[in-house]
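# Secondary and tertiary structure notes
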Amino acid sequence: MKKTVHIIGSGFSSLAASCYLAKDGYDVTIFEKNNTIGGRARQLKKDGFTFDIGPTWYWMPDVFERFFSDFNKKPEEYYTLEKLNPAYSVYFGKNDFITIEDTLEKIIQAFEKEEPGSSIKLKKFIEEAKSNYDIAIKDLVYNPGLSPLELITPATIKKINQFFSTIKKDVRKEFKNERLVMILEFPVLFLGAKPSDTPSFYSFMNYADFGLGTFHPKKGMYQVILAMENLAKELGVKIKTNANIEKIIVEHGEAKGLVCNGEAYLSNIVLSGADYHHTETLLDKPYRQYSERYWSKKTFAPSSLLFYVGFDKKLEQVNHHTLFFDVDFELHAQDIYDKPKWPDNPLFYASFPSKTDSSTAPAGKEAGIFLIPLAPGLEDTPELRTTYFDKIITRFENLTSQTVRDKILFKESFCLNDFIEDYNSYKGNAYGMANTLLQTAFLRPKLKSKTVDNLFFTGQLTVPGPGVPPSLISGKLAANLISKYNTVTV
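First, a word on scope: everything that follows refers to the structure included in this document. Small disclaimer: the values here were computed from a predicted structure and weren't measured. (Residues numbered from 1 in each chain as written. Predicted model: local features only at pLDDT ≥ 70, side-chain atom pairs only at ≥ 80, totals over all residues. Heavy atoms only, no water.)

### Things to note about empty space enclosed by the protein
Counted by the stated rule, this structure contains six cavities of 30 Å³ or more. Counted as a void, the second largest cavity has a volume near 90 Å³. Looking at the lining of the second largest cavity, the elements with two or more residues in it are strand S4 (49–52) and strand S8 (215–217). Among the elements that take part in the lining of the second largest cavity, S4 stands out by supplying three residues, more than any other. (1 Å grid on protein atoms, 1.4 Å probe; cavity = no way out; pocket = protein on both sides within 12 Å on 5 of 7 lines; lining within 4 Å. Points joined across faces, edges and corners; volume = space filled by probe spheres on them. Helix = DSSP H or I, 4+ residues; strand = E, 2+ residues; numbered from the N terminus.)

### Digging into the packing of aromatic side chains
For the coordinates displayed, the defined rule picks out 50 aromatic pairs. Judged by centre distance (5.6 Å) and plane angle (75 degrees), the ring pair of Trp57 and Trp59 falls under edge-to-face. Using a relative accessible area of 5% as the deciding quantity, one classes Trp59 as buried. Ring geometry for Tyr276 versus Tyr290: centroids 5.8 Å apart, planes at 65 degrees, classification edge-to-face. Of this pair, Tyr276 sits in helix H10 (residues 276–281) while Tyr290 sits in the loop between H10 and helix H11 (292–297), and the two are 14 residues apart along the sequence. One exposure class covers both Tyr276 and Tyr290, and it is buried. Taken together, the aromatic side chains of Tyr20, Tyr58, Phe64, Phe67, Phe68, Phe71, Tyr78, Tyr79 and Phe215 make up a single cluster linked through ring pairs. Across from the ring centre of Tyr485, 4.9 Å away, lies the NZ or CZ of Lys448, which sits over that ring. (Phe/Tyr/Trp six-rings, centres within 6.5 Å; stacked < 30°, edge-to-face > 60°. Buried < 20%, exposed > 50% of the residue type's maximum accessible area, 1.4 Å probe, protein only. Lys NZ or Arg CZ within 6 Å of the ring centre and 35° of its normal.)

### Considering the pattern of salt bridges
This structure, assessed with the given rule, holds 27 salt bridges. One salt bridge connects Asp27 with Lys238, and the closest N-O pair in it is separated by 2.6 Å. Of this pair, Asp27 sits in strand S2 (residues 27–31) while Lys238 sits in strand S9 (residues 238–240), and the two are 211 residues apart along the sequence. Taking relative accessible area as the criterion, Asp27 reaches 28% and is therefore assigned partly exposed. The salt bridge involving Asp312 is made with Lys365; its shortest N-O contact spans 2.5 Å. (Salt bridge = Lys/Arg side-chain N within 4 Å of Asp/Glu carboxyl O.)

### Remarks on the environment of Ser272
Along the chain, the position of Ser272 falls in strand S13 (residues 269–272). When residues no more than four places from it in sequence are discounted, the contact partners of Ser272 are Ile8, Thr279, Phe456, Phe457 and Thr458. Within the structure, the side chain of Ser272 is placed 3.2 Å from the backbone nitrogen of Ala274, a separation counted as a polar contact. Here Thr279 takes part through its side chain, which lies 2.6 Å from a polar atom of the side chain of Ser272. (Contact = heavy atoms within 4.5 Å. Polar contact = N/O pair within 3.5 Å; in protein donor to acceptor, adjacent residues only side chain to side chain.)

### As for a nonpolar patch on the surface
Judged by side-chain polarity, Ile160, Phe164, Leu437, Leu438 and Leu443 come together as a nonpolar surface patch covering roughly 500 Å² of accessible area. Secondary-structure assignment places Ile160 in the loop between helix H5 (154–157) and helix H6 (167–174). Ile160 gets classed as partly exposed once you look at its relative accessible area, which sits at 48%. (Patch = residues over 30% accessible without salt bridge, like charges linked within 9 Å, V, L, I, M, F, W, Y side chains within 5 Å. Areas by Shrake-Rupley, 256 points an atom, 1.4 Å probe, with all protein chains shown as cover.)

### Comments concerning unusual backbone geometry
Residue Asn85 is joined to Pro86 through a cis peptide bond whose omega torsion reads 5 degrees. Counting through the fold element by element, Pro86 comes out in the loop between strand S5 (81–83) and strand S6 (88–93). The omega torsion across Val463 and Pro464 is 0 degrees, close enough to zero to call that bond cis. Along the polypeptide, Pro464 turns up in the loop between strand S19 (455–457) and helix H15 (468–485). Within the chain, Lys219 stands out as a residue other than glycine whose phi angle is a positive 80 degrees. Turning to its location among the elements, Lys219 is positioned in the loop between S8 and helix H9 (222–234). A relative accessible area of 45% means that Lys219 is categorised as partly exposed.

### Observations regarding the sheet that holds S13
Spatial ordering of the open sheet is given by S9-S2-S1-S13-S19, a layout of five strands whose pairing is parallel. The open sheet is flanked by S9 and S19, the only strands paired with a single partner. Between one strand axis and the next, the sheet turns by 20 degrees as a mean value, whatever way the strands run. Summarising the sheet, S13 and S19 pair through three bridges and their orientation is parallel. The partner of Val270 across the bridge, within S19, is Leu455. (Pairing = 2+ DSSP bridges. Axes fitted to C-alpha atoms, helices over the stretch in contact; angles between N-to-C directions.)

### Comments concerning the sheet that holds strand S14 (residues 303–311)
As summarised here, the arrangement of the seven strands in space is S7-S6-S15-S16-S17-S14-S18, forming an open sheet in which the pairing is mixed. The sheet terminates laterally at strand S7 (96–100) and strand S18 (408–414), the two strands that pair on one side only. Between one strand axis and the next, the sheet turns by 20 degrees as a mean value, whatever way the strands run. Pairing of S6 with S7, which is carried by five bridges, proceeds in the antiparallel orientation. Across the sheet, Ser89 pairs through a bridge with Thr99, a residue of S7.

From the geometry alone we can't say anything about function, so treat these as descriptive.
In structure tokens:
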């Protein structure tokens, strides 16, 4: 008889884990509290518009390829990818922007035009970033975070100094042009921490950006979720939606199943891809590994205020991905990490998928997604959301020299309260726990419970960290650990 695994949540990490476990011969069921799968990567459809609610950037295509290849599949069997050109643009002032195109050669030319002599420095910087990428993404991140020895290899020993310097120091040592500095510091924001708190080794994100490029799955990032769902079902995984988990059943120190909507579902193994902190509240206190004090002292990646806007015209002066860095980054970062509060002048990001993908908006109209990074744990009210929408739309109109406010057909918002309500997210964080030096690899919350046998965790708060590609990897790591500690049959 097959051993049964019950998985809490249906985000990228849970779906990945379910595929590996089913392939290994387990009887797998996913329990999702919402009415659609995907966790943070859900979709909003309204009046002919389609928006990705969560992730909108498709980076590190090799990680997706590696995932599907583990099942003798390819991404193109499930969805169509387009490499974006330009990848994105960055505004610094009114009609003042730098465009990042689709090849490293073009990006080098853009840097040289902005700051003579910077092309040589950029080539050297990206060569080092590629070396780090080859070490990290092809090797290190596929370790389960059980021991500091996982980080010690002949390759990492040569780079030990990079774990004790920071991205900010390295970038600013070589580049003096503030605009280029901001572009080079931008990718590490996906790791959830300030460049001044992110080890230099994480420059591999710059290679992901400039070296590999930015892609878009036709019909949106949700197509990747649907692809993983199809693969999981092909492998025999069962998925239950509207399935709210109220308790993890533990008997004699061993996970025995879940209580879902008041009904007990027994299993041999429990794996949670839900928020780690929330998952531990489903356990009686003696079985929790980490105290409230532990969580409160950790550095969390930001939350976000998001708007999903339908425009009754095509917009000008913007690309599929557009960043607005026309205000002081340091001040906004302080408002997120140092003294948390709503920022006076926030940086923001906008995505217009209909620039690339006609399926996301009716003809002649534009789908717009706006994101403001925020500190987790802040007050969230309708009044604040309205105030900040007015702030960014006013700036957007000024910076891009166009009127859009009178062409808004509708707008929907998503913020801290929604992250808590929909995802049980700790303090409403959007991206999990930041990858700082003291929150890397074996220093992150563990994949395997130290207090409950046959209880495992996966996702952004554990190894390897925040982001979609790391979540795919996390699912594989958790599944591998389960197989290591359990035989397939009973």
